[in-house]
Amino acid sequence: MPELPETETVARVLRSNIVGHTVQNVKIIKGYKISPTNKTFAKSVINKKVVGVQRVAKNIIIKFENNVYVQTHLAMTGRLLLKKSGDQTSKWLKWVFVFENSTRLEFHDMRAFGKTAVLTKKEFDDLTNKYGPEPLDNKINAKAFLKQLLTKKTSIKNALMDQKIISGLGNIYATDALFMAQINPKTKTDKLSLEQATDLLKSSREILNEGIKNRGATLPDKMYVDPLGKSGKQQKHFRIYQKKECPICKHKVKYEKINGRGTYFCPSCQKP
DNA sequence: ATGTTTGTTCCGAT
DNA sequence: CATCGGAACAAACA
């Protein structure tokens, strides 16, 4: 589930709760695999202090002393949860850090598409470099954004979710950003104008910032919660995602699969 | 029973 | 060879 705002929320909550604490013990659920090996994972973090937590695209990076980086990608159903001693766990538990103050950090993943890896400094740099610019960093402007889009031969919806063009947007925020910019999601990238690229970059930043402010989106399945178990509120502010009627013109919203992903758009406000 | 789901990667086709 | 689109990964729910 998590896109940029959800991942950012998780990173912030973790940062204020685990930085400065030392991992005393690690538990890995039988059969679960961490890269490069479970043994490396345990050995790399036991008796090591957390020195920082950050987000890279949709990854959570927990940085330990001695240049050890633990990368976790939540994919669709991953959760990082902080627990106190005595708190219950769940059947989707994959691994646990036990800290010196006996609080725990647990990774849960129902569908198991997520991943955890231990990275060296160089591997961390490589990971960071494989992604396109962070949309909220002001490292990309509309002209550069358009230039990237023009190299693609696909729909704008697909390109917007391409993490190599710009990182952090997934199906929900891309769908809403396109609606806000009044661009039809099926528009081919080579048909876009500089004005449209400008609008789209602006609406992407606006919806991502709003998503962060609302601490992410929690859908009815309640899969996404922050590390303290708290739901987000962005679902109350979806523009067109999962809507039946257009909030602007009241036209019936069209639902269509675009590159395999469910996409909502207003055929009147977002004309091809 | 079938179709759906917030993400990424791999493979076959072009 | 590069790029694109669809399948696959797996589990729960309506």
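These figures come from a predicted structure and were not determined experimentally.

Rules of the game
Residues numbered from 1 in each chain as written. Chains lettered and ligands numbered in written order. Predicted model: local features only at pLDDT ≥ 70, side-chain atom pairs only at ≥ 80, totals over all residues. Heavy atoms only, no water. Helix = DSSP H or I, 4+ residues; strand = E, 2+ residues; numbered from the N terminus. Rg over C-alpha atoms; globule rule 2.2 N^0.38 Å. Buried < 20%, exposed > 50% of the residue type's maximum accessible area, 1.4 Å probe, protein only. Contact = heavy atoms within 4.5 Å. Areas by Shrake-Rupley, 256 points an atom, 1.4 Å probe, with all protein chains shown as cover. Lys, Arg positive; Asp, Glu negative; His and termini not counted. Charge placed at Lys NZ, Arg CZ, Asp CG, Glu CD. Salt bridge = Lys/Arg side-chain N within 4 Å of Asp/Glu carboxyl O. Core = buried A, V, L, I, M, F, W, Y, C linked by side-chain atoms within 4.5 Å. Polar contact = N/O pair within 3.5 Å; in protein donor to acceptor, adjacent residues only side chain to side chain. Phe/Tyr/Trp six-rings, centres within 6.5 Å; stacked < 30°, edge-to-face > 60°. Pairing = 2+ DSSP bridges. Axes fitted to C-alpha atoms, helices over the stretch in contact; angles between N-to-C directions.

Caption draft 1: Just the overall build of chain A, in detail. For chain A, the count of helices and strands is seven helices and ten strands. Taking 272 residues into account, the globule formula puts the C-alpha radius of gyration at 19 Å, and chain A, at 20 Å, falls close to it. For the C-alpha atoms alone, the extent of chain A along its principal axes is close to 55 × 35 × 30 Å. A burial count over chain A gives 53% of its 272 residues as buried. For chain A, contacts bridging at least 24 residues in sequence account for 65% of all contacts bridging at least 6. About 13,200 Å² of surface is accessible on chain A, with carbon and sulfur atoms providing 50% of the total. Here chain A contributes 50 positive and 24 negative side-chain charges, whose respective centroids are spaced 3 Å apart.

Caption draft 2: Just the pattern of salt bridges, in detail. On inspection of all chains with the given rule, the structure shows eleven salt bridges. Here Lys 186 ties to Glu 256 by a salt bridge, and the two come within 2.7 Å at their closest N and O atoms. Taken as a pair, Lys 186 in the loop between α6 (171–180) and α7 (194–213) and Glu 256 in strand β9 (residues 254–258) lie far apart in primary sequence, 70 residues in all. Since its relative accessible area comes to 38%, Lys 186 is described here as partly exposed. Asp 226 is the partner of Arg 215 in a salt bridge, and the nearest nitrogen-oxygen pair spans 2.7 Å. You can see Arg 215 sitting in the loop between α7 and β9 and its partner Asp 226 sitting in the loop between α7 and β9, a full eleven residues away along the chain.

Caption draft 3: Quick peek at the nonpolar core. Formed by 38 residues in total, the largest nonpolar core has its most connected members in Phe 145, Leu 160, Ile 166 and Leu 200. Residue assignment for this core shows that the elements contributing at least two residues are α4 (142–150), α5 (156–160), α6 and α7. Beyond its immediate chain neighbours, meaning those up to four positions away, Leu 160 contacts Phe 145, Ile 166, Leu 169, Ala 174, Ala 177, Leu 178, Leu 200 and Ser 204. Ala 42, Ile 60, Leu 74 and Phe 97 belong to the second-largest nonpolar core, a separate cluster that totals 29 residues.

Caption draft 4: Broad picture of the side chain of Ser 203. When you line up the elements, Ser 203 lands in helix α7. In this structure the side chain of Ser 203 is engaged in a polar contact, spanning 3.1 Å, whose partner is the backbone oxygen of Leu 200. Once residues lying within four places of it in the same chain are set aside, the contact partners of Ser 203 are Ala 177, Met 180 and Ala 181.

Caption draft 5: Expanded view of the environment of Ala 181. Secondary-structure assignment places Ala 181 in the loop between α6 and α7. Residues Ala 181 and Thr 198, 17 residues apart in the sequence, show an inter-C-alpha distance of 9.0 Å. If sequence neighbours within four positions are ignored, Ala 181 has contacts with Asp 199, Leu 200 and Ser 203.

Caption draft 6: Spotlight on the packing of aromatic side chains. With the rule as written, the count across this model stands at eleven aromatic pairs. Here Phe 97 and Phe 99 contribute two aromatic rings whose centre-to-centre distance is 6.4 Å and whose plane-to-plane angle is 80°, an arrangement assigned as edge-to-face. Of the residues examined, Phe 99 reaches a relative accessible area of 1% and is grouped as buried.

Caption draft 7: View of the side chain of Thr 116. In this structure, Thr 116 sits in strand β8 (residues 115–119). Engagement of the side chain of Thr 116 in a polar contact is seen with the side chain of Trp 95, the distance being 2.8 Å. Thr 116 has contacts with Tyr 32, Ile 34, Ser 35, Phe 41, Val 70, Gln 71, Thr 72, Trp 95 and Phe 107, leaving out every residue within four places of it along the chain.

Caption draft 8: Structural view of the sheet that holds strand β5 (residues 78–83). Pairing within the open sheet is antiparallel, and its four strands lie in the order β1-β6-β7-β5. The open sheet terminates on both sides in strands that have one partner only, identified here as β1 (23–28) and β5. Averaged over all pairs of adjacent strands, the angle between strand axes in this sheet comes to 15°, irrespective of strand direction. Taken strand by strand, helix α1 (residues 4–18) contacts β5, β6 (93–99) and β7 (104–109), and its axis lies near 25° from that of β5.

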